[in-house]
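Given next are the chains, with one letter for each unit.
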Number of protein chains: 4
Amino acid sequence: MHTDVATRPPFRHALRVYWEDTDAGGVVFYANYLKFFERARTEWLRALGVSQQALRDETGAIFIVSQTHVRYLRPARLDDLLSVTVALRESGRASMSLSQQAFRGAELLAEGDIRIGCVDAGSFRPRRIPDSLLERIE
Amino acid sequence: MHTDVATRPPFRHALRVYWEDTDAGGVVFYANYLKFFERARTEWLRALGVSQQALRDETGAIFIVSQTHVRYLRPARLDDLLSVTVALRESGRASMSLSQQAFRGAELLAEGDIRIGCVDAGSFRPRRIPDSLLERIE
Amino acid sequence: MHTDVATRPPFRHALRVYWEDTDAGGVVFYANYLKFFERARTEWLRALGVSQQALRDETGAIFIVSQTHVRYLRPARLDDLLSVTVALRESGRASMSLSQQAFRGAELLAEGDIRIGCVDAGSFRPRRIPDSLLERIE
Amino acid sequence: MHTDVATRPPFRHALRVYWEDTDAGGVVFYANYLKFFERARTEWLRALGVSQQALRDETGAIFIVSQTHVRYLRPARLDDLLSVTVALRESGRASMSLSQQAFRGAELLAEGDIRIGCVDAGSFRPRRIPDSLLERIE
């Protein structure tokens, strides 16, 4: 039986807000949500059995971010515990699109669409996502 | 006579890429373009006679980023000298939209659309951009 | 009966190395160990029942770092799982000194002596560490 | 004739404090002084005709930071213009020690002793600082 991508519950990664994440507005510096989203993507890949360092060492491939679209809805503060989701929207031969959200409890704080490409670590030229990886992701 | 916003040459801010800006891919970490764009916006405001710290101390208003959309085209590396532009696309009573680009020489490396809102520093509730500031921006 | 500070096993906090932590040398950017040390201190305080945000809201006190001395011994890399320790060396009325280490497994990667002061969040003037907090720390 | 190292005026690099540099205490996050110190060291090397990217491409050597000792005296705030100094204290075959200070006008905000080593970019093993570079530094 086939499980449709859209119906799977998204992957969730919990993280804490520290001093390093905040700015003089007293809240999380907006650029840092890109870091939070990336930590969640890394843990999502790890949960699928993919280590990015091993991927690079074994195949020479790395993932790069080619596009980010983020909407900031409510501020997070020091000591907040956030939950960051990852859901695959679309995957092609050399790239994929992910939908991500950051929550504090049930409150949605920020959400983003992140586009990622697979490239050669030396030349930064696009290359196919390894099949074994694509199978796990999909 | 009226000068149309779109016909003005954009503001430019020069910056250097340091170790702190790079990641293990050997290039600038993509989230850091949001920092580069913000430095350029800050210098653009300063060139217009606006200090954000003074604005806050005098009026209680701060600018927050409500939406970012960034496309990453080519990687920047350690020691690169970048030029980051700021062009106003649209301004309303409590928010504005800016178009920004990062260049290395004539090469476009990244570009973004950044939406900014004016809020009260204490409550984070939207408030009107002070008129004196709006006049300078437009 | 009195438990000597030095004989307690140090507090330990686990953390993962992400892309954001690395630099173009392919390893963790040295300044980021200060962030890792701080995350561990924050979790150490939390384990003692102290939330820094609550401390500030209730008493107006915040902790600031007044001195850091860090030795970098071996590089950490992407995907490494680190364990960061916190041990109290000395505590006074308005400050304390902590000894911290970052390990990957049994390998010591970095170690630091961090001096922290308690100040008023508004004026940054030194103030006594609240007694209830001192009791928990010691 | 011999110019004694200690009698030369230190190199100075000017930089501005942006939102990215601050934390929820309303001041510059202490770890960021390590970034400020490094920007100044990079510009000091550049002023001596040394590009670190070129050094790596041509010789395979990179500089790594092996020890940092920083004292934080007064906080810097958003929009502050800082001046960061670099003075060589000591240089050996594979390492050097630098004394650095961050000022706002005449006010000393932070000062540090930074120890740097020259290593092979691939193996991270210590290697001699290229002679041509040592001559320029001294």
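It should be emphasised that the depicted structure is a prediction, and the values quoted were computed from it without experimental measurement.

What follows is about the side chain of A:Arg39. Looking at the secondary structure, you find A:Arg39 in helix α1 (residues 32-47). Take A:Arg39: its relative accessible area is 5%, and that puts it in the buried class. Each residue touching A:Arg39, except ones within four places of it in the same chain, is listed here: A:His13, A:Leu15, A:Glu20, A:Asp21, C:Tyr18, C:Glu20 and C:Arg39.

Turning our attention to the relation of the copies chain C and chain A. The second copy of the chain is related to the first by a rotation about an axis and a shift along the axis. The operation relating chain C to chain A is a screw motion whose rotation component is 180°, with 0.0 Å of axial translation and a residual RMSD of 0.0 Å. Expressed as an axis order, the relation between the two copies is that of a two-fold axis. Scanning chain C for the C-alpha nearest the rotation axis identifies C:Leu15, at a separation of 5.2 Å. With an isologous cut-off of 70% or more, the 100% of interface residues of chain C that recur at the interface of chain A puts this contact in the isologous class.

For the rest of this paragraph, the subject is the side chain of D:Asp23. Residue position: D:Asp23 is located in the loop between β1 (11-16) and α1 (32-47). Lacking a salt bridge, the buried D:Asp23 has C:Arg56 as its closest oppositely charged neighbour, with an N-O distance of 6.9 Å. Ignoring sequence-local partners within four residues, the contact set of D:Asp23 consists of A:Trp19, A:Thr22, A:Asp23, A:Ala24 and D:Phe29.

Another aspect to go through is the interface of chain A and chain B. Of the residues lining the interface, 23 residues belong to chain A; the matching set on chain B comes to 23 residues. Summing the contributions of chain A and of chain B, the shared interface buries around 2,000 Å²; its carbon and sulfur component is 56%. For the chain A face of the interface with chain B, the top three residues by lost area are A:Tyr30, A:Tyr72 and A:Phe124, together amounting to 26%. In this assembly, chain A and chain B are joined by zero salt bridges. At the junction of chain A with chain B, the criterion picks out 14 residue pairs in polar contact (both at pLDDT 80 or more). When residues of the side of chain A that touches chain B are traced back to their parent elements, those giving at least two are α1 and β2 (61-72) of chain A. With nine residues, β2(A) is the largest single contributor of residues to the side of chain A that touches chain B. Of the residues belonging to the side of chain A that touches chain B, the class tally is twelve nonpolar, five polar and six charged. Here β2(A) runs beside strand β2 (residues 61-72) of chain B; their pairing, made up of five bridges, is antiparallel. The residue bridging A:Arg71 from the neighbouring strand is B:Gln67, located in β2(B).

Attention now goes to the relation of the copies chain A and chain B. When chain A is fitted onto chain B, the two copies agree to an RMSD of 0.0 Å after a turn of 180° and an axial shift of 0.0 Å. In this assembly, 100% of the residues forming the interface of chain A have copies in chain B that are likewise at the interface, indicating an isologous arrangement.

Attention now goes to the pairing of strand β2 (residues 61-72) of chain D. Residue and element names in this part refer to chain D. For β2, the tally of buried residues reaches nine of twelve residues, placing the bulk of the element in the interior. Bridging between β2 and strand β5 (residues 107-120) involves eleven bridges; their strand directions are antiparallel. Looking across to β5, one finds that Ile64 is bridged to Gly117.

What follows covers the interface of chain C and chain A. Every contact between the two is made by 19 residues of chain C and, on the other side, 19 residues of chain A. Across the chain C to chain A interface the summed buried area is about 1,900 Å²; carbon plus sulfur atoms make up 46%. It is C:Tyr18, C:Trp19 and C:Glu20 that lose the most area in chain C upon contact with chain A, and together they represent 33% of the buried surface on that side. Viewed at the interface, chain A and chain C are joined by four salt bridges. Residue C:Arg39 pairs with A:Glu20 through a salt bridge whose shortest N-O separation is 2.9 Å. Remark: the boundary between chain C and chain A carries 14 residue pairs in polar contact (both at pLDDT 80 or more). For the side of chain C that touches chain A, the secondary-structure elements that each account for two or more residues are β1 (11-16), α1 (32-47) and α2 (52-59) of chain C. The dominant element in the side of chain C that touches chain A, judged by the number of residues it contributes, is α1(C), at six residues.

We now examine the sheet that holds strand β4 (residues 95-104) of chain B. An order of β1(A)-β3(A)-β4(A)-β5(A)-β2(A)-β2(B)-β5(B)-β4(B)-β3(B)-β1(B) is seen for the ten strands of this open sheet, with the pairing classed as antiparallel. In the strand order of this sheet, the two ends are held by β1 (11-16) of chain A together with β1 (11-16) of chain B, each with one partner. Taken over all neighbouring pairs, the strand axes of this sheet differ in orientation by 25° on average, direction set aside.

With that settled, consider the packing of aromatic side chains. Applying the stated criterion across every chain, the model contains 16 aromatic pairs over all chains. Between the aromatic rings of D:Phe29 and D:Tyr30, the centroid separation amounts to 4.7 Å while the plane-to-plane angle is 50°, which identifies the pairing as tilted. Both residues of the pair, D:Phe29 and D:Tyr30, count as buried. Among the aromatic residues, those joined into a cluster by ring pairs are A:Phe29, A:Tyr30, A:Tyr33, A:Phe36 and A:Tyr72.

The rules behind the values
Residues numbered from 1 in each chain as written. Chains lettered and ligands numbered in written order. Predicted model: local features only at pLDDT ≥ 70, side-chain atom pairs only at ≥ 80, totals over all residues. Heavy atoms only, no water. Helix = DSSP H or I, 4+ residues; strand = E, 2+ residues; numbered from the N terminus. Buried < 20%, exposed > 50% of the residue type's maximum accessible area, 1.4 Å probe, protein only. Contact = heavy atoms within 4.5 Å. Least-squares fit on C-alpha atoms with pLDDT ≥ 70 in both. Lys, Arg positive; Asp, Glu negative; His and termini not counted. Salt bridge = Lys/Arg side-chain N within 4 Å of Asp/Glu carboxyl O. Buried area = accessible area lost by both parts, 1.4 Å probe. Polar contact = N/O pair within 3.5 Å; in protein donor to acceptor, adjacent residues only side chain to side chain. Nonpolar A, V, L, I, M, F, W, Y, C, P; charged D, E, K, R; others polar. Pairing = 2+ DSSP bridges. Axes fitted to C-alpha atoms, helices over the stretch in contact; angles between N-to-C directions. Phe/Tyr/Trp six-rings, centres within 6.5 Å; stacked < 30°, edge-to-face > 60°.

Note that all results are geometric; they support no functional claim without further evidence.
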